[in-house]
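What the coordinates show
What follows is each chain in one-letter form.
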Amino acid sequence: MADTTNPTAPAVATGLPTATIEDGNILTIFVPGFDGIKDMSKPTVAELNKEGNLNLSQYLDSTGWKLNHTQEMIKDDREASAQSGEIPGAEKFDGGSLQIVNNVNTDEPNEAFETLRKGVQGYFVRRRNKTQLAFEEGQTVSVFKVTIGITVPVAHAENNLTKSQTSFSVAPGSYDETATVAA
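Let me begin by describing the structure that accompanies this report. Chains are numbered independently. Their residues run from 1 in the order of the written sequence. This being a predicted model, a pLDDT of at least 70 is required before a residue's local features are given, and a value of 80 or more before pairs of side-chain atoms are given or counted; all residues contribute to the totals for chains, interfaces and linings. With hydrogens and water set aside, each side-chain value is computed from the structure's full complement of heavy atoms.

Only runs of H or I of at least four residues qualify as helices and only runs of E of at least two qualify as strands under DSSP, and these elements are numbered from the N terminus. Tracing the chain through its elements places asparagine 129 in the loop between strand 7 (121–128) and strand 8 (140–153). The exposure class of asparagine 129 is partly exposed, given its relative accessible area of 26%. Sequence spacing of asparagine 129 and threonine 140 is 11 residues, and the spatial spacing of their C-alpha atoms is 10.0 Å. Only protein chains enter the area calculation, which uses a 1.4 Å probe; residues under 20% of their type maximum are buried, those over 50% are exposed, and those in between are partly exposed.

In structure tokens form, the structure reads like this:
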């Protein structure tokens, strides 16, 4: 049976590859505790689908995930050469933040706001192009080992949701869409 939850643009006569619409096709979860995933390069189906993991996608607005992953370049100029170049240096994760829909001062609980408190540690796992379906073996995911920072209100804007912004740091050795879900 075809996966109708993952809309794609039809292939066109130009020979371009099929494009996938990203809106509504991202799943971001929080796996609590640094013991929640044993191997970040191969998180298991059981670890990712475990009860107690938090589905953050339902709380994030469409631009609510922010994380920079960059690489420094090291100048390579030699006395024996008239040319200079660069070689890849250290990778860096910075600028991590989430914009969370926050129903503060209402009777409805908000698991994201209550769970992601300053100092909490765990993993953010992100998967693209499979909507809110359970994780399966062989899927490509990002796995970020994180520590939660402060949460602050997002400034009021006309015709907008009430939101808070939560900062987070990412540990070295995290995987940006290079981990594979294991059985």
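Moving on, we get to the pattern of salt bridges. Throughout this description, the term salt bridge denotes a Lys or Arg side-chain nitrogen within 4 Å of a carboxyl oxygen of Asp or Glu. This model, assessed by the stated rule, comprises 8 salt bridges. Between aspartate 61 and lysine 163 there is a salt bridge; the shortest N-O distance is 2.7 Å. In this pair, aspartate 61 sits in strand 5 (residues 60–77) while lysine 163 sits in strand 9 (residues 163–170), placing the two residues 102 residues apart along the sequence. Taken individually, aspartate 61 and lysine 163 each receive the classification buried, so the pair is uniform in this respect. Residues joined by salt bridges that share partners form a network here, namely Glu22, Arg128 and Glu177.

Sizing a probe to match a water molecule and rolling it over the atoms shows the empty space that remains. Site definitions follow a grid-based scheme: protein atoms alone, a 1 Å grid, a 1.4 Å probe that fits but cannot get out for cavities, and for pockets an open set with protein on both sides within 12 Å along at least five of seven lines, plus lining residues having an atom within 4 Å of a point. Grid points are joined across faces, edges and corners, and a volume is the space filled by probe spheres set on the points. The volume enclosed by the largest pocket comes to roughly 500 Å³. Around the largest pocket, the lining is made up of 21 residues, and of these Glu22, Ile26, Ser62, Trp65 and Arg126 lie nearest the centre. Among the elements of the structure, strand 3 (26–32), strand 5, strand 7, strand 8 and strand 10 (175–180) are those that each provide at least two residues to the lining of the largest pocket. Sorting elements by how many residues they give to the lining of the largest pocket places strand 5 first, with 6 residues. Its boundaries defined by the atoms lining it, the second largest pocket holds a volume of some 170 Å³. Surrounding the second largest pocket, 13 residues form its lining, Val154, Ala155, Leu161, Thr162 and Lys163 being those nearest its centre. We call Asp, Glu, Lys and Arg charged. Ala, Val, Leu, Ile, Met, Phe, Trp, Tyr, Cys and Pro are nonpolar, and the rest, Gly among them, are polar. Its residues assigned to classes, the lining of the second largest pocket shows 7 nonpolar, 5 polar and 1 charged.

The subject of this paragraph is the side chain of threonine 166. Tracing the sequence through the fold places threonine 166 in strand 9. Note on threonine 166: relative accessible area 1%, which makes it buried. Contacts described as polar in this section are N or O atom pairs within 3.5 Å, which, within protein, must combine one atom able to donate a hydrogen with one able to accept it, while residues neighboring in sequence count only if both atoms come from side chains. A polar atom in the side chain of threonine 166 sits 2.8 Å from the side chain of threonine 151. Should any heavy atoms of two residues lie within 4.5 Å, those residues are counted as being in contact. In this view, threonine 166 contacts Gly96, Ser97, Leu98, Ile100, Leu116, Ile148, Ile150 and Thr151; residues no more than four positions away in its chain are not counted.

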